[in-house]
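One letter stands for each residue in the lines below.
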Amino acid sequence: SSQAALLPAYSDLSEQQHSLANLSHRLLSYFLNASCQSLDCAAQHFADAILTGDQQILFRRHSGRIVDECRRLLSTWYRGHQACPHDFYLKLAHHSGQLHKRLSKYDLILVDEGQDLSEIMLDLLSTSPTRIFLVGDTHQGIYGFRYAVDAMRKLPADDALELSFSFRFGHTLAELASAYVREAKGDTSFNIEGSPQRTTRVKLYRRLRVQQDKRGAALLARTNISLFETALRLFEDRRPFRFERNVGPLLQRVRDTAFLGQGRQELIQDPFIAAFRSLEQMEDYAEQMDDRYVRSLASIVRRHEPGLKDALSGMWEHCRTSTEMSPAEVVTLSTVHSAKGEQYATVILHEDIPQHLEQAAHGAKGEADWEEEANLGYVAITRASDELMLPEYYTKLFSTGWQRMLALKNRGRFRTESSAAAPIQMGERVHTRHGPGVVEHITEDGAQVQILLLDTGFIINERPGELQRER
């Protein structure tokens, strides 16, 4: 990574070597995503708007050297002497004007995930003469740590359409998700409707029990450490599971951190970890720079040594073989970030999701950190189609109205939708993902419905649960 590549530049400052490499790496990431053309300009704004406290002081003390080292690495990438990140290509295309010129040739630009665009993308869209169709959800913006901006709030629109209906889940979960956004973000007008053809249960749990679901089940966590510890527990209980994303690099870094704690630096593969003199120095760095990922690596080792080596070897083999299993055969483990865009029949939320939201309320980063944690909770809640299991920790959050709603649910008095909704009928007008239509044909088993789309005249096939009756 560029962070490890920057370590040698600060070898003469051993006590601050990792911290300066971290600040340099973050400045590079900020510059590559920012619309400003000058690294010096980006550095000034980075220090003023992004950094606070001791990090800001350290950056300003060494800002000249940090900028020089970043410029040197950018030059290395440009000359092809070292592999560069994808953001570098985008920055070059934006800087040269080639990307703007190429986009101007199109009649229409379609943009998805508009709540998580880089400043460069926003600049290209705001200066483009081309028509733009932008889709996004402000309440799902979860990449602020990569300096993403919400184009849904930034770009003026000639026409704005609210997509307030979900085909994924039923009324119960829709009601919960709506209440969550109103409570967590103060958006009192927010409301999302669920499909009357879906039955989605919402349950509270006191003690985490991960169970399979033949339709597909997932446990979602906020942090890697919670995910790792859940995986370790399942592995020890010989329960089948898989990870949503490749966690090989994470397991290798946990192993490297364990070697660091044992004083066996010669076995460490990751150059960033290898440059620490001890596990204590690594923890001091994580505290100073608020590096949650490095902090989680150290925490895993502290909690599970000795015996971690055998567990890692077993989990490595398990991960290799579990890729051959279907999601229905195993429980899928994922962070909320990795689950973005995914859907699971049963979703179990780890307790660390509401815990991080509560911690953000008292954190130094203020409102921006709170909003992103709130968005992560919303993304997690809305991954389920059939059943959502919430930790009881949620009953400690927000207003008494929210707490009363969850308490009623726990006693079985939460408002639920009927599982015996009247079946779709021939000739009935319905709303589909592609617009309004009329039911032309229904298969004998009722599993497929043929729809004539009124806007285009096309015939499509849909499942009844994906349709909304016209009111």
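Rules and cut-offs
Residues numbered from 1 in each chain as written. Predicted model: local features only at pLDDT ≥ 70, side-chain atom pairs only at ≥ 80, totals over all residues. Heavy atoms only, no water. Helix = DSSP H or I, 4+ residues; strand = E, 2+ residues; numbered from the N terminus. Rg over C-alpha atoms; globule rule 2.2 N^0.38 Å. Buried < 20%, exposed > 50% of the residue type's maximum accessible area, 1.4 Å probe, protein only. Contact = heavy atoms within 4.5 Å. Lys, Arg positive; Asp, Glu negative; His and termini not counted. Charge placed at Lys NZ, Arg CZ, Asp CG, Glu CD. Axes fitted to C-alpha atoms, helices over the stretch in contact; angles between N-to-C directions. Parallel < 35°, antiparallel > 145°, perpendicular 65-115°, else oblique. Left-handed = near helix turned anticlockwise from the far one by under 90°. Nonpolar A, V, L, I, M, F, W, Y, C, P; charged D, E, K, R; others polar. Pairing = 2+ DSSP bridges. Patch = residues over 30% accessible without salt bridge, like charges linked within 9 Å, V, L, I, M, F, W, Y side chains within 5 Å. Areas by Shrake-Rupley, 256 points an atom, 1.4 Å probe, with all protein chains shown as cover. Salt bridge = Lys/Arg side-chain N within 4 Å of Asp/Glu carboxyl O. Phe/Tyr/Trp six-rings, centres within 6.5 Å; stacked < 30°, edge-to-face > 60°. Core = buried A, V, L, I, M, F, W, Y, C linked by side-chain atoms within 4.5 Å. Expected span 1.5 Å × (residues − 1).

Now for the overall build of the chain. Of the regular secondary structure elements, the chain holds 20 helices and 13 strands. Its C-alpha atoms give the chain a radius of gyration of 25 Å, within 12% of the compact-globule value 23 Å for 471 residues. With the C-alpha coordinates aligned to their principal axes, the bounding extent of the chain is approximately 75 × 60 × 45 Å. By residue count, 48% of the 471 residues in the chain fall in the buried class. The long-range fraction of contacts in the chain, counting pairs at least 24 apart against all pairs at least 6 apart in sequence, stands at 69%. In the chain, 56 positive and 63 negative side-chain charges are present, and the distance between their average locations comes to 2 Å.

As a packed pair, helix H18 (residues 352–360) and helix H19 (residues 367–381) sit with axes 8 Å apart at the nearest point and diverge in direction by 160 degrees. For the element pair H18 / H19, the angle class is roughly antiparallel. Seen along the crossing, H18 lies across H19 with a hand that is left-handed. Contacts from Ile353, His356, Leu357 and Ala360 of H18 reach H19 at Asp369, Trp370, Glu373, Ala374, Gly377 and Ala380. Here the residues of the contact of H18 with H19 are counted per class, giving 6 nonpolar, 2 polar and 2 charged.

Spatially, E12-E11-E10-E9-E13 is the arrangement adopted by the 5 strands of the open sheet, whose pairing is antiparallel. In this open sheet, the two strands that pair with only one neighbour each are strand E12 (459–462) and strand E13 (468–469). Where strand E11 (residues 449–453) lies against E12, 4 bridges are found, and the strand directions are antiparallel. Paired with Ile451 across the bridge in E12 is Ile460.

Together, Leu108, Leu110, Phe133 and Val135 make up a nonpolar patch on the protein surface, roughly 380 Å² of accessible area in all. Looking at the element boundaries, Leu110 is found in strand E1 (residues 108–111).

With that settled, consider the pairing of strand E9 (residues 429–432). Taking every second residue as pointing to the same face, the buried face of E9 carries Val430 and Thr432, while none of Arg429 and His431 on the other face is buried. Here E9 pairs with strand E10 (residues 435–442) via 4 bridges, running antiparallel. Within E10, the position partnered with Arg429 by the bridge is Val438. Adjacent in sequence and paired antiparallel, E9 and E10 are bridged by 2 residues. Sheet topology note: the E9/E13 ladder contains 2 bridges and is antiparallel.

Pairs can form between side chains of opposite charge whenever their charged atoms are close. Counted by the stated rule, this structure contains 25 salt bridges. Between Glu371 and Lys185 there is a salt bridge, and its shortest N-O distance comes to 3.4 Å. Taken together, the positions of Glu371 in helix H19 and Lys185 in helix H10 (residues 171–185) put the pair 186 residues apart, joining distant regions of the chain. Arg245 is the salt-bridge partner of Glu342, the closest N and O atoms lying 3.8 Å from each other. In this pair, Glu342 sits in the loop between helix H17 (336–339) and strand E7 (344–349) while Arg245 sits in the loop between strand E5 (241–243) and helix H12 (248–261), placing the two residues 97 residues apart along the sequence. Glu342 gets classed as partly exposed once you look at its relative accessible area, which sits at 26%. You can call Arg245 partly exposed: its relative accessible area is 39%. In the salt-bridge network here, residues are joined through shared partners; they are Asp150, Arg153, Lys185 and Glu371.

With that settled, the discussion passes to the sheet that holds strand E3 (residues 201–205). Taken together, 6 strands build an open sheet; the order of strands is E3-E8-E7-E4-E6-E5 and the sheet is parallel. The sheet is open, and its two edges are formed by E3 and E5, each paired on a single side. Along the sheet, successive strands turn relative to each other by an average axial angle of 25 degrees, direction set aside. Sheet analysis places strand E4 (residues 217–221) next to E7, joined by 4 bridges and oriented parallel. Bridge pairing in E7 links Ala217 to Thr346. Here H10 sits on the sheet and contacts E3 and strand E8 (384–391); the angle it forms with E8, its principal contact strand, is near 50 degrees.

Let's shift gears to the environment of Leu390. Locating Leu390 in the fold gives a position in strand E8. Owing to a relative accessible area of 1%, Leu390 belongs among the buried residues under this scheme. With sequence-adjacent residues up to four places away left out, Leu390 is seen in contact with Leu176, Val202, Lys203, Leu204, Tyr205, Leu349, Ile381 and Leu406.

Taken as a whole, this structure holds 14 aromatic pairs when the rule is applied. Taking the centre distance of 5.9 Å and the plane angle of 85 degrees together, the rings of Phe190 and Tyr378 count as edge-to-face. With Phe190 in the loop between H10 and E3 and Tyr378 in helix H19, this pair connects stretches of sequence that are 188 residues apart. The buried category is assigned to Phe190, whose relative accessible area is 14%.

This paragraph deals with the nonpolar core. Leu27, Phe59, Phe228, Phe243 and Leu333 are the most contacted members of the largest nonpolar core, which totals 73 residues. It is helix H2 (residues 17–33) that contributes the most residues to this core, 8 residues altogether. Setting aside residues up to four positions removed in sequence, Leu333 forms contacts with Leu219, Leu227, Thr230, Ala231, Leu234, Phe241, Arg242, Phe243 and Glu244. With 37 residues, the next largest nonpolar core counts Leu176, Leu220, Leu357 and Met405 among its residues.

Following the sequence through the fold, His431 ends up in strand E9. The class for His431 is partly exposed, based on a relative accessible area of 31%. Spatially, the C-alpha atom of His431 lies 34 Å from that of Glu329, the residues being 102 residues apart in sequence.

For helix H11 (residues 224–236), with 13 residues, the first-to-last C-alpha span of 18 Å sits near the 18 Å given by 1.5 Å per residue. All buried positions along H11 are accounted for by Ile225, Ser226, Leu227, Phe228, Glu229, Thr230, Ala231, Leu232 and Leu234. Once H11 ends, the next one or two residues include Arg238, with phi positive near 60 degrees.

The values reported here are purely geometric and, on their own, carry no functional implication.
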